[in-house]
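Examining the three-dimensional arrangement
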Amino acid sequence: MEFKTIEWLGNKVKIIDQTVLPFREEYLILQDYREVAFAIKEMKIRGAPAIGVIAGYGVALAAMESHNKKNIEEAIKVLGETRPTAYNLFYTLNRMKKILKNNGTSEDFIADAIAIHKEDREITEKIGENGAKLLKDEGRYMTICNAGALATGGIGTALAVFYKGKDRGKKMTIYVPETRPYLQGARLTAWELMKNGIKVVLIADGAKAFTLKTKKIDLVITGADRIACNGDTANKIGTYGLAISAKELNIPFYIAAPTTTFDPNIKTGDEIPIEERASDEVKNCRGEKIAPENVDVYNPAFDITPANLISGIITEKGIIRP
Ligand code: MRU
């Protein structure tokens, strides 16, 4: 990768600031768990696995600050309240709670945070390898949002498939919807793929279905924020519509996600909490007002794609079929 999304510096953590990409490549140093929680809330770091990795470092920083049970409990609580949908956050916090229960030392928290980061890096490599088998020698693909290195502790989930495909000499063009309102597709995926030498075509969100048809897309691959036991999947708003369009056009629709995104406690997608974000994100575009000041807004950040629309889930352990 041409950049580092998260770097542990021993007593602080460095992240790339995703709110200023692609215009500026700037890094932030986070000194304590409060700064980590703020960075997650403000989308300076985002993407389910990346949120999971940074939360581990947040708890490690709390344990280093004061190895007092109350302080660590407070850090776990504050980090757990940042964003509700991505399961990786709760996966990490559950691991941290176990260490707390076993009266772990600060070193134990640090070691586990580093382990979660390392595991995520290895997992993304395997997801890429498993998914690359689905790619043609020359193909056209669509993704949504950013499920790349910017969203994980490694090379991504959906985008890892493309990176591994490229390593194997496969040729590809990736069609990327802008992903309003936060523009993760336009700002982050287009930047990340171009930086890594993969051909990107940016499209408006409303052009997804027509592009699938007219550009004869071979396969759609998206990431996931939380997967229920029956395979229903929460991912960035717009994913559900993309899956319906793919089904209508007989285009295979895959999710790429680590097993740390699977929530073993919930049966179906109906139980996945969906984050609703501020109305200003829809009424404005990059600081510019684009709607009447007092118009009502509905701004869900994620949607649920039912399992029956998903051809398979590419994980580090292999591809899960219906
Ligand atoms: O709101 P975001 O940017 O955190 O949403 C991210 C996504 O929806 C990603 O597709 C998902 O987390 C998978 S990342 C590998």
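Before any of the text, the structure's been laid out above.
What counts and what doesn't
- Residues numbered from 1 in each chain as written.
- Predicted model: local features only at pLDDT ≥ 70, side-chain atom pairs only at ≥ 80, totals over all residues.
- Heavy atoms only, no water.
- Helix = DSSP H or I, 4+ residues; strand = E, 2+ residues; numbered from the N terminus.
- Buried < 20%, exposed > 50% of the residue type's maximum accessible area, 1.4 Å probe, protein only.
- Polar contact = N/O pair within 3.5 Å; in protein donor to acceptor, adjacent residues only side chain to side chain.
- Contact = heavy atoms within 4.5 Å.
- Salt bridge = Lys/Arg side-chain N within 4 Å of Asp/Glu carboxyl O.
- Axes fitted to C-alpha atoms, helices over the stretch in contact; angles between N-to-C directions.
- Parallel < 35°, antiparallel > 145°, perpendicular 65-115°, else oblique.
- Left-handed = near helix turned anticlockwise from the far one by under 90°.
- Core = buried A, V, L, I, M, F, W, Y, C linked by side-chain atoms within 4.5 Å.
- Pairing = 2+ DSSP bridges.
- 1 Å grid on protein atoms, 1.4 Å probe; cavity = no way out; pocket = protein on both sides within 12 Å on 5 of 7 lines; lining within 4 Å.
- Points joined across faces, edges and corners; volume = space filled by probe spheres on them.
- Nonpolar A, V, L, I, M, F, W, Y, C, P; charged D, E, K, R; others polar.
- Domains from an automatic or database assignment.

Topologically, Asn-299 is positioned in the loop between β12 (288-289) and β13 (302-305). A residue is classified by how much of its surface remains accessible, and Asn-299, at 5% relative accessible area, is buried. At 3.2 Å, the side chain of Asn-299 and the side chain of Glu-281 are in polar contact. Setting aside residues no more than four positions away along its own chain, Asn-299 makes contact with Pro-181, Glu-275, Glu-276, Arg-277, Ala-278, Glu-281 and Val-282.

This brings us to the pattern of salt bridges. Summed over all chains, the structure comprises 18 salt bridges. A salt bridge links Arg-95 to Glu-119; its shortest N-O distance comes to 2.7 Å. Placement of the pair is Arg-95 in helix α4 (residues 87-101) and Glu-119 in helix α5 (residues 106-132), with a sequence separation of 24 residues. Residue Glu-122 pairs with Lys-118 through a salt bridge whose shortest N-O separation is 3.0 Å. Residue Glu-122 and its partner Lys-118 are located together in helix α5, separated by four residues, close to a single helical turn. Residues joined in a network through salt bridges with shared partners are Arg-83, Glu-275, Arg-277 and Glu-281.

Moving on: the packing of helix α1 (residues 33-41) against helix α2 (residues 48-65). Where α1 contacts α2, the axes come no closer than 8 Å and their chain directions differ by 160°. With respect to α2, the axis of α1 lies roughly antiparallel. Taken as a pair, α1 and α2 cross one another with a handedness that is left-handed. Between α1 and α2, the contacting residues are Tyr-33, Arg-34, Val-36 and Ile-40 on the first element and Ile-51, Ile-54, Gly-58, Leu-61, Ala-62 and Glu-65 on the second.

Moving on to the nonpolar core. Judged by nonpolar contacts, the single largest core of 35 residues is most densely connected at Ile-6, Val-13 and Ile-54. Broken down by secondary-structure element, the contributors of at least two residues to this core are β1 (6-8), β2 (13-16), α1, α2, α3 (69-80), α4 and α5. Sort the elements by how many residues they give to this core and α2 lands first, with 11 residues. Filtering out sequence-adjacent residues up to four positions away, Val-13 remains in contact with Ile-6, Glu-7, Trp-8, Leu-28, Ile-29, Leu-30, Val-36, Ile-54, Tyr-57 and Leu-61. In this structure, Ile-127, Tyr-141, Ala-147 and Ile-198 belong to the second largest nonpolar core, which totals 24 residues.

This paragraph deals with the sheet that holds strand β3 (residues 27-30). As summarised here, the arrangement of the three strands in space is β1-β2-β3, forming an open sheet in which the pairing is antiparallel. The open sheet has two free edges, formed respectively by β1 and β3, since each of these has just one partner strand. This sheet shows a mean twist of 20° between the axes of neighbouring strands, independent of strand direction. Pairing between β1 and β2: three bridges, direction antiparallel. In the strand pairing of β2, Glu-7 is matched with Lys-14. With respect to the sheet, α1 is in contact with β2 and β3, its orientation differing from that of β3 by roughly 140°.

The next point concerns the layout of surface pockets. In this model, the largest pocket occupies a volume close to 210 Å³. Along the wall of the largest pocket there are 14 residues; nearest its centre are Lys-4, Thr-5, Arg-121, Gly-153 and Gly-154. Here the lining of the largest pocket gets three residues from one element, more than from any other, and that element is α5. Residues belonging to the lining of the largest pocket are distributed by class as follows: five nonpolar, five polar and four charged. Looking at which domains feed residues into the lining of the largest pocket, each of domain 1 (6-124) and domain 2 (129-320) supplies at least three.

So far we have only geometry, and geometry alone does not tell us how the molecule works.
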